[in-house]
Amino acid sequence: MGNRVAIVGIGQTFHKSNRKDVTLQEMVGEAVRAALLDAQMKTQDVEAVFTANMETFENIFLPDAMMADETAAFMKPGLKVATGGTAGASVVEEGFHFVASGLFDTALVIGFEKQDCGDTTAAITGAVTPVWGKGVATGAIGEFAKQALTYMQKTGAKEEHAAMVRLKADKGACRNPYAHLRLGLKSIKEVLDSGYLVWPLKFLEFCPQSSGACALIFASEQKARKITRKPVWIADLVTVHQEPFRAGSFGDPTGKEEYSQDIAVDRLYKRNGITNPIRDICMAEIYEPSNWEEMSHYEHYHFCPRNEGWKMVEKGMTEMEGEFPVNPSGGVIATNPIGATPTIRVAEAALQVRGDAGEHQVTRDVHTAMATALGGPNWTVATLLRRSL
Amino acid sequence: MTTEKAEKKPELIKVDIARPRTYKWSSGKYLGRVYKEALENKKLVANRCPKCKELIWQPAAVCGRCNVEAGEDWVVMSDKGTVVQYTYLVFPLWDPHYGDRLANPYPTATIKLDDDGVFLVHFLEERDPEKLKNVKRVQAVWKEEGRGRGLGDILYFRTIDE
C-alpha cells in the first residue's frame, strides 16, 4: 500500500427526477461547493479533479471539460472515468490511487448524473454492440427481474421479504433529506399492491431515475490532520471485473460462474483481517438496484450463509437499529443518479463513520464500514472505511 | 451540505434536441459468420474452443477463459431449447438498435439451447402471464422478411409440446 488517504470533505445535492432549474454543470457545482464547505477548503486547495458518469445518458462526450469551472478543475490535472454502473466507485479508486501514490496531496472526486436529459433505459440497452443485437433489450431492469425470480425459486424467499426490504429503505430515505424517493410507506401491503413493472418486480421494487451529484475530497495523512479532526480513512479498496457470463446476463443460470462480488469481498476481507464480516464491519452501504438484489448481496458479501439473506430481513438485523445496518440512507432503491450512486455509497458510509449522518445515523457505533458498487457486466468495487488505521 | 434555495419561479426553458446519428458497425469474421448463416440458412452457429471444448457464444477469435486462439471449429447449434428464466416488461420500450417498437407487454427469456447448452436471451411468443409460467420447451421462429440482423433474424421462440 502507498500513503494513507482520508476522506476530509463530503457533499451531495438533493436528488430528484428533474433538475430543470439547473444545467448539468451547475448541478455538479452544488455538490462540489457542499464538499468544499464541509472540508472548509477553497477551490485553490484542490490539486486534482476526478469525475465519473455514464456518458451516453446525457449524450455529452466531454462533460468534464464542460464542467471545469464548476468543479474547480480549471488548469488542473484530472481524469474522467466511465466504467458503467461502477463509475462512481471507480472514480473513488482513481482519486485514492493518485493521493496514495504521493502525486497529489488533495483530490476532488465527483460522481454525477442528470437523468432528466435523456432516456436511460435506451442508453443502457445501447451499452452492448448492436452487432450482438437483442441481448439486453430490456435495459438493466429485465436482468434484475430474472434474478429476482431465480432468488425466489432458489432460496424460498417470499415477496413479503422483498417488501420488508423496500419498507426498510423507505424508512431510511424518509430520515435522509437528500434521498430522492421519500414515500412514507406504512405497510408491506403498499409495496405488494404497487403493480408489476417487469414481472416479478413491482413498481416500488426498482430504483428510480434520479438526477444528482456527490463530491468527496481526499487528502494525504499530513494534510488530512490539518484539515479535519474527523478524517475517515480509506483502509482498502478492491475492484473485480467479470466480463459477461456465458449467458450474457447478470445472473448465472449456468451455475458454472464465479461472481465478482464473492471474489471482491474475499480479497478485501482477507487483506484486512476480517473473519466475521457482521462483527468486524459495523454497517454497509451496498448497491442494490432492487430490493431482491439486496437480499442476494447479503449472501455474496458473507453477511449470512447462502440462501439465508431473507432471514436477516425477517429478523430485522439490517434495520437502522439492527445488529448490522445496511443502507440506512435509503440506498439505491430510493436514490439513483447512476454515475453518483456508488460515490454516494462511500459518502454515506463515511458519514456513518464520522457520526455525522444525522437522523439516519445507525444505533451501532461505526468504526468500520463497507461500501460496494455493482456495474455491468458484473463488476464489483468494494471499499473499506475506518475511523482509525 | 447544500441547502435548497427558495424557488422564485425563474423562467425555465427546456431545449429539446433530436440528434439522430447513424452508425456502421463491423461484424468481423466470427460474428459475420453468425449473420451469414442466419441470413442464408436460418441456422445458429458457434465456434468451439480447442482447449475447454465449450462453444463460444458469441463466436469470437479467442476463448478468454482459456487464453487461447479459438479457431474455426464451427458447429451448427440446435434451434430448440429450454427456458431457464424469463420475465416480461409491462412498460413500452424501443429497440435502440433498429428503432423498432417492442410490443407491450413482451416477454424475454434466457434459453438454454439443446445439445451443447449455449445460453441466449431472446423473446418468447407466448404473452399470457399465466401461460408463461409453464413455458419450458421452445423453438426458434425465423423471420421471413427484414433479415440480416443476426440473432435478430429470429422473431421469437415458440412453445413446443415435447
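Reading the values: the criteria
Residues numbered from 1 in each chain as written. Chains lettered and ligands numbered in written order. Predicted model: local features only at pLDDT ≥ 70, side-chain atom pairs only at ≥ 80, totals over all residues. Helix = DSSP H or I, 4+ residues; strand = E, 2+ residues; numbered from the N terminus. Rg over C-alpha atoms; globule rule 2.2 N^0.38 Å. Buried ≥ 20, exposed ≤ 12 C-beta atoms within 10 Å, placed from the backbone. Contact = placed C-beta atoms within 7 Å. Pairing = 2+ DSSP bridges. Axes fitted to C-alpha atoms, helices over the stretch in contact; angles between N-to-C directions. Expected span 1.5 Å × (residues − 1). Core = buried A, V, L, I, M, F, W, Y, C linked by C-beta atoms within 7 Å. Domains from an automatic or database assignment. Parallel < 35°, antiparallel > 145°, perpendicular 65-115°, else oblique. Nonpolar A, V, L, I, M, F, W, Y, C, P; charged D, E, K, R; others polar.

Trainee: Sorry, what's going on with the overall build of chain A here?
Mentor: The helix and strand inventory of chain A stands at 14 helices and 11 strands. Taking 389 residues into account, the globule formula puts the C-alpha radius of gyration at 21 Å, and chain A, at 19 Å, falls close to it. Taken along its principal axes, the extent of the C-alpha atoms in chain A is 55 × 45 × 40 Å. Burial statistics for chain A: of 389 residues in total, 60% are counted as buried. Taking the contacts inside chain A whose residues are at least 6 apart along the sequence as the reference set, 79% of them involve residues at least 24 apart.

Trainee: What am I meant to see in the overall build of chain B here?
Mentor: If you tally the helices and strands in chain B, you get 2 helices and 12 strands. Put simply, of all contacts in chain B between residues at least 6 apart along the chain, 47% involve residues at least 24 apart.

Trainee: What exactly am I supposed to notice about the sheet that holds strand β5 (residues 74-77) of chain B here?
Mentor: The strands making up a sheet associate through backbone hydrogen bonding, with each pair oriented either parallel or antiparallel. Residues and elements named next belong to chain B. Strand order in this open sheet of 3 strands is β2-β1-β5, and the pairing throughout is antiparallel. Of all the strands in the sheet, just β2 (55-56) and β5 have a single pairing partner and so form its edges. Relative to β5, strand β1 (residues 44-48) is paired through 4 bridges, and the arrangement is antiparallel. Paired with V45 across the bridge in β5 is V76. Across the sheet, helix α1 (residues 28-41) is in contact with β1 and β5; its angle to β1 comes to roughly 150°.

Trainee: In this structure, what is going on with helix α14 (residues 341-354) of chain A? I would like to understand it.
Mentor: Think of an α-helix as turning once every 3.6 residues; residues three or four places apart then point the same way. Residues and elements named next belong to chain A. Look at α14: 20 Å from first C-alpha to last across 14 residues, which is about the 20 Å you get at 1.5 Å a residue. By the criterion of burial, α14 is predominantly enclosed, with 14 of the 14 residues buried. Immediately downstream of α14, the backbone of G355 shows phi near 80°, a positive value.

Trainee: Teacher, can you tell me more about the environment of Y156 of chain B here?
Mentor: All names here are of chain B. Residue placement: Y156 occurs in strand β12 (residues 154-159). With 18 C-beta atoms counted inside 10 Å, the residue Y156 sits in the partly exposed group. If we ignore the near neighbours within four places in the chain, the residues touching Y156 are H122, F123, L124, E125 and V141.

Trainee: Help me understand the nonpolar core in this model?
Mentor: Generally speaking, soluble globular proteins have nonpolar side chains that are buried together. Core analysis: the largest hydrophobic core is formed by 131 residues, its most contacted members being A215, L216, F218, A369 and L385 of chain A. Top element by residues in this core is helix α1 (residues 24-39) of chain A. It accounts for 9 residues. Look past the residues within four positions of L385 of chain A in its chain and what remains in contact with it is V232, W233, I234, A235, A349, A350, V353, T368, A369 and A371 of chain A. If you look at the next biggest cluster of nonpolar residues, it comprises 30 residues, including A38, M77, V118 and L120 of chain B.

Trainee: Can you help me understand α1 of chain A in this one?
Mentor: Residue and element names in this part refer to chain A. Its 16 residues give α1 an end-to-end C-alpha distance of 23 Å, which sits within 8% of 22 Å, the value for a rise of 1.5 Å per residue. Buried residues dominate α1, accounting for 12 of its 16 residues. Along α1, the residues that are buried comprise L24, M27, V28, G29, E30, A31, V32, A34, A35, L36, D38 and A39.

Trainee: Which parts of the structure should I look at to understand the environment of T372 of chain A?
Mentor: Residue and element names in this part refer to chain A. Examined against the element boundaries, T372 turns out to sit in strand β10 (residues 368-375). Judged by the 27 C-beta atoms lying within 10 Å of it, T372 is buried. Sequence-wise, T372 and A65 are 307 residues apart; in three dimensions their C-alpha atoms are separated by 28 Å. Setting aside its immediate chain neighbours within four residues, T372 contacts I286, Y287, R345, T380, V381 and A382.

Trainee: Any chance you could explain the sheet that holds strand β4 (residues 106-114) of chain A here in plain terms?
Mentor: All names here are of chain A. What the 9 strands build is an open sheet, ordered β3-β2-β4-β7-β1-β8-β11-β10-β9; its pairing is mixed. Of all strands in the sheet, those bounded by a partner on one side alone are β3 (78-81) and β9 (283-285). The sheet shows a mean angle of 25° between the axes of neighbouring strands, direction not considered. Note: β4 against strand β7 (residues 211-220), 9 bridges, orientation antiparallel. Across the sheet, residue G111 finds its bridge partner in β7, namely C214.

Trainee: What exactly am I supposed to notice about the domain arrangement of chain B here?
Mentor: When the parts come together, some accessible area is lost, and that loss is often what is quoted as the size of the interface. Residue and element names in this part refer to chain B. In terms of domain boundaries, chain B breaks down into domain 1 (25-77) and domain 2 (78-162). Between the C-alpha centres of domain 1 and domain 2 there is a distance of 21 Å. Listed as interface residues are 11 residues of domain 1 and, on the opposing side, 12 residues of domain 2. If you list the elements that add at least two residues to the side of domain 1 that touches domain 2, you get α1, β1 and β5. By residue number, the principal contributor to the side of domain 1 that touches domain 2 is α1, which donates 4 residues.

Trainee: Where do I start with the pairing of β1 of chain B in this structure?
Mentor: Here is the key point about a regular strand: its side chains alternate between the two faces of the sheet. All names here are of chain B. Sheet topology places β1 next to β2; 2 bridges connect them, and they run antiparallel. For R48, the partnering residue across the bridge sits in β2 and is L55. Counted along the chain from β1 to the antiparallel partner β2, the turn is 6 residues long, and its residue K53 has a positive phi close to 65°.

Trainee: It is not clear to me how the packing of helix α4 (residues 87-100) of chain A against α14 of chain A should be interpreted in this structure. Could you clarify?
Mentor: The packing of two helices is summarised by the inter-axis angle and the distance between the axes. Residues and elements named next belong to chain A. Packing of α4 against α14 brings their axes to within 5 Å, and their N-to-C directions diverge by 60°. As judged from the angle between their axes, α4 and α14 are oblique. Mapping the contact onto sequence places G88, A89, V91 and V92 in α4 and T341, P342, T343 and V346 in α14. Partitioned by chemical class, the residues of the contact of α4 with α14 number 5 nonpolar, 3 polar and no charged.

Trainee: I'm lost on unusual backbone geometry in this one. Help?
Mentor: Between W199 of chain A and P200 of chain A the backbone carries a cis peptide bond, its omega angle lying at 0°. The amide bond that connects W57 of chain B to the next residue, Q58 of chain B, takes the cis arrangement and shows omega of 15°. Counting through the fold element by element, Q58 of chain B comes out in the loop between β2 and β3 (62-63). The backbone of N307 of chain A sits at a positive phi, close to 65°, despite the residue not being glycine. With respect to the element layout, N307 of chain A can be found in the loop between α12 (291-300) and α13 (309-314). The phi angle at D115 of chain B is positive, at roughly 65°, despite the residue not being glycine. Since 12 C-beta atoms lie within 10 Å of it, D115 of chain B is described here as exposed.

Trainee: Explanation requested: the packing of helix α7 (residues 159-174) of chain A against α12 of chain A in the structure shown.
Mentor: All names here are of chain A. Axis separation between α7 and α12 bottoms out at 8 Å; the angle between their running directions is 100°. Relative to α12, the element α7 is oriented roughly perpendicular. Mapping the contact onto sequence places H161, A162, V165, R166 and A169 in α7 and N291, W292, E294 and M295 in α12. Residue composition of the contact of α7 with α12, by class: 5 nonpolar, 2 polar and 2 charged.

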